[in-house]
Amino acid sequence: MPAGYTAAHSNDMNAAASMQTIQTLIDNVEQVIIGKRPVIELAVVALLCRGHLLLEDVPGTGKTMLARALAKSVALDCKRLQCTPDLLPSDVTGVPVFNQKTTEFEFRPGPVFTNILLADEINRATPRAQSALLECMEEFHVSVDGHTYPLPPVFMVLATQNPIEMAGTYVLPEAQLDRFFMRLSTGYPSAAEEARILRAQAHGHPIERLQAVLGEAELLAARQAVSEVHVEDSLADYVARLVAATRVHPDLRLGASPRGSLALCRAAQGLALLQGRDYVSPELVKTVARPVLAHRLILRPQAAAQGRHAEAVLADILNQVPAPV
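Our subject in this report is the structure included herewith. The structure presented is a predicted model; accordingly, all values stated were derived computationally and were not measured.

So, the overall build of the chain
Move 1: Helix and strand counts for the chain stand at 14 helices and eleven strands.
Move 2: Expected size for 325 residues packed as a compact globule is a radius of gyration near 20 Å; at 21 Å, the chain falls within 12% of this value.
Move 3: With respect to the three principal axes, the spread of C-alpha positions in the chain is 65 × 65 × 50 Å.
Move 4: Within the span of the chain, comprising 325 residues, buried residues form 48% of the whole.

Some remarks on unusual backbone geometry
Move 1: Notably, T103 is not glycine yet its phi reads approximately 55 degrees, a positive angle.
Move 2: Along the chain, the position of T103 falls in the loop between β3 (94-99) and β4 (104-109).
Move 3: The class for T103 is exposed, based on a relative accessible area of 56%.
Move 4: Phi is positive for F140, which is not a glycine, with a value near 60 degrees.
Move 5: Tracing the backbone shows F140 in the loop between α6 (134-139) and β6 (141-144).
Move 6: For F140, a relative accessible area of 13% puts it in the buried group.

Remarks on the sheet that holds strand β1 (residues 53-56)
Move 1: Read from one edge to the other, the open sheet built from five strands follows the order β2-β5-β8-β1-β9, with strand pairing classed as parallel. The open sheet is flanked by β2 (78-82) and β9 (182-184), the only strands paired with a single partner. Sheet twist, expressed as the average angle between the axes of neighbouring strands with direction ignored, equals 20 degrees.
Move 2: Bridge count between β1 and strand β8 (residues 156-161): four bridges; the pairing is parallel.

Structural notes on the pairing of β3
Move 1: By the bridge criterion, six bridges tie β3 to β4 in an arrangement that is antiparallel. Bridge pairing in β4 links P96 to F107.
Move 2: Here β3 folds back onto β4 in antiparallel fashion, the turn holding four residues, of which T103 has a positive phi close to 55 degrees.

Let's talk about helix α10 (residues 233-248)
Move 1: Compared with an ideal rise of 1.5 Å per residue, which puts 16 residues at 22 Å, α10 spans 23 Å between its outermost C-alpha atoms and is within 8% of the ideal.
Move 2: Among all positions of α10, only L235, Y238, V239, L242, V243, A245 and T246 are buried. With its buried residues spanning 150 degrees around the axis, α10 presents them on a single face. For α10, the exposed residues set more than 90 degrees away from the buried face come down to D233 and V248.
Move 3: The elements touched by buried residues of α10 are β10 (252-254), α11 (258-274), α12 (282-293) and α14 (310-320).

Some thoughts on the side chain of H52
Move 1: By the secondary structure assignment, H52 is in the loop between α2 (37-48) and β1.
Move 2: A relative accessible area of 2% places H52 in the buried class.
Move 3: A polar atom in the side chain of H52 sits 2.7 Å from the backbone oxygen of M137.
Move 4: Setting aside residues no more than four positions away along its own chain, H52 makes contact with M137, F140, F155, M156, V157, R179, F180, F181 and M182.

Some words on the pattern of salt bridges
Move 1: Under the definition given, this model contains twelve salt bridges.
Move 2: The partner of R37 in a salt bridge is E41, and the shortest N-O contact between them spans 3.5 Å. In this pair, R37 and E41 are both assigned in helix α2, four residues apart and thus about one turn of the helix distant.
Move 3: E138 serves as the salt-bridge partner of R259, at 3.1 Å between the closest nitrogen and oxygen. Of this pair, R259 sits in helix α11 while E138 sits in helix α6, and the two are 121 residues apart along the sequence.
Move 4: In this structure R259 comes out as partly exposed when scored by relative accessible area, which is 27%.
Move 5: Shared partners join several salt bridges into a network, and the residues in it are D27, E30, R37 and E41.

Details of the environment of R68
Move 1: Within the fold, R68 resides in helix α3 (residues 63-72).
Move 2: The contact partners of R68, leaving out residues within four places of it in the chain, are R80, L118, I207 and E208.

Remarks on the nonpolar core
Move 1: Membership of the largest hydrophobic core comes to 75 residues, with the highest contact counts inside it found for L53, M182, L264 and V285.
Move 2: Take this core: its biggest share by element is nine residues, from α2.
Move 3: Beyond its immediate chain neighbours, meaning those up to four positions away, M182 contacts L42, V45, H52, L53, L54, A267, P291, V292 and H295.
Move 4: By size, the runner-up hydrophobic cluster in this structure holds 27 residues, among which are L81, A132, L133 and F180.

Conventions adopted
Residues numbered from 1 in each chain as written. Predicted model: local features only at pLDDT ≥ 70, side-chain atom pairs only at ≥ 80, totals over all residues. Heavy atoms only, no water. Helix = DSSP H or I, 4+ residues; strand = E, 2+ residues; numbered from the N terminus. Rg over C-alpha atoms; globule rule 2.2 N^0.38 Å. Buried < 20%, exposed > 50% of the residue type's maximum accessible area, 1.4 Å probe, protein only. Pairing = 2+ DSSP bridges. Axes fitted to C-alpha atoms, helices over the stretch in contact; angles between N-to-C directions. Expected span 1.5 Å × (residues − 1). Arc of directions from axis to C-beta. Contact = heavy atoms within 4.5 Å. Polar contact = N/O pair within 3.5 Å; in protein donor to acceptor, adjacent residues only side chain to side chain. Salt bridge = Lys/Arg side-chain N within 4 Å of Asp/Glu carboxyl O. Core = buried A, V, L, I, M, F, W, Y, C linked by side-chain atoms within 4.5 Å.

Below is the structure:
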C-alpha cells in the first residue's frame, strides 16, 4: 500500500468514480428526455437510494419515456406492467401452476421478479391489484401461497399515472403512496425545447438508439458511495423537525411518516454525491423536500376547499423551521 494511503483516500476515489458514472447515466437519459435534467437527476437519485419512483403528469409529457430511458440506460432486466382494471394480483406476483409430469405445483414468477418494473398508468389498476405491490415495494420479497420469494438485490418500481383523467381510474391508497420514495412531474417543455424534440425525432425516436451505460456492479458501488455521504447530527435533527412540523400543521390531516424522514435524509445524501459533495447541507434537504414529502401529506378538507396545496403547506414549513448554520 503506498505511503500516506488511507481508507479515506479510497472512499474519495470510489465517490469520484461513482459521481462520474452517475453523470454518464444522466447524460445518456438526457438524449431522450430533452430539457428536463433536474427531473432526470432526481429520478437517478431515487435509483441510487433504493427507492421507488412515481411519475405523475398530464398525458404526453414523457412520463413513460423517462421511465423507459432510465431502465434502458441500466444494463439490468426490465419488465413492463400495463395496468388495467381487470389486472389481478397474481398477474403481478405470479401464481402456482400444476405440473402434470411431476404432479406438483410449481411457482411461475410474475413480472415483479425483475430489476426495474415499469408500472404504466398504475392508477388504472384496482386497489386489489395495487395491493400486490405493497409487500415487494417495502420488504423486497413476495409471499405467494405460503411461500416467500426474494426479489433481486436491485429492484425498483417506476410507476406513472395521469392525475387529470378520472374515468376508469382508482386513487392510490395512502399506504402505497408512502412507499414511493419520490413523486416527480416532468411538465411541459419550453418552445425551444419542444423544437429540439421535433428535430431529434425527425428520423426516428432516440430511445431506439439508446445504449446501457451502467451495470449492476457500478450501481451497487454508487449506492454504497451514497451511504457514505456524511450527515451531521444537526442535519438529522433538522430533518426530524421538518417532518414533525408536518404532523402538527393546522392545514394537514396527516403528516409525513418516519419512512418519509428516512427518505428525505437518503435523498439529500444522493443529491450530495451527484453534486460531488461528501456531506449533506440544509440547502440539499430543502431541494429534495418537495418531491420526497409532498405526496405523503394529506390536507384537511377545509384547507383543500380554500385552494391550499400540500406543496404550499410544505413551503411554509420550510420557511418556518430554522435550518442549522
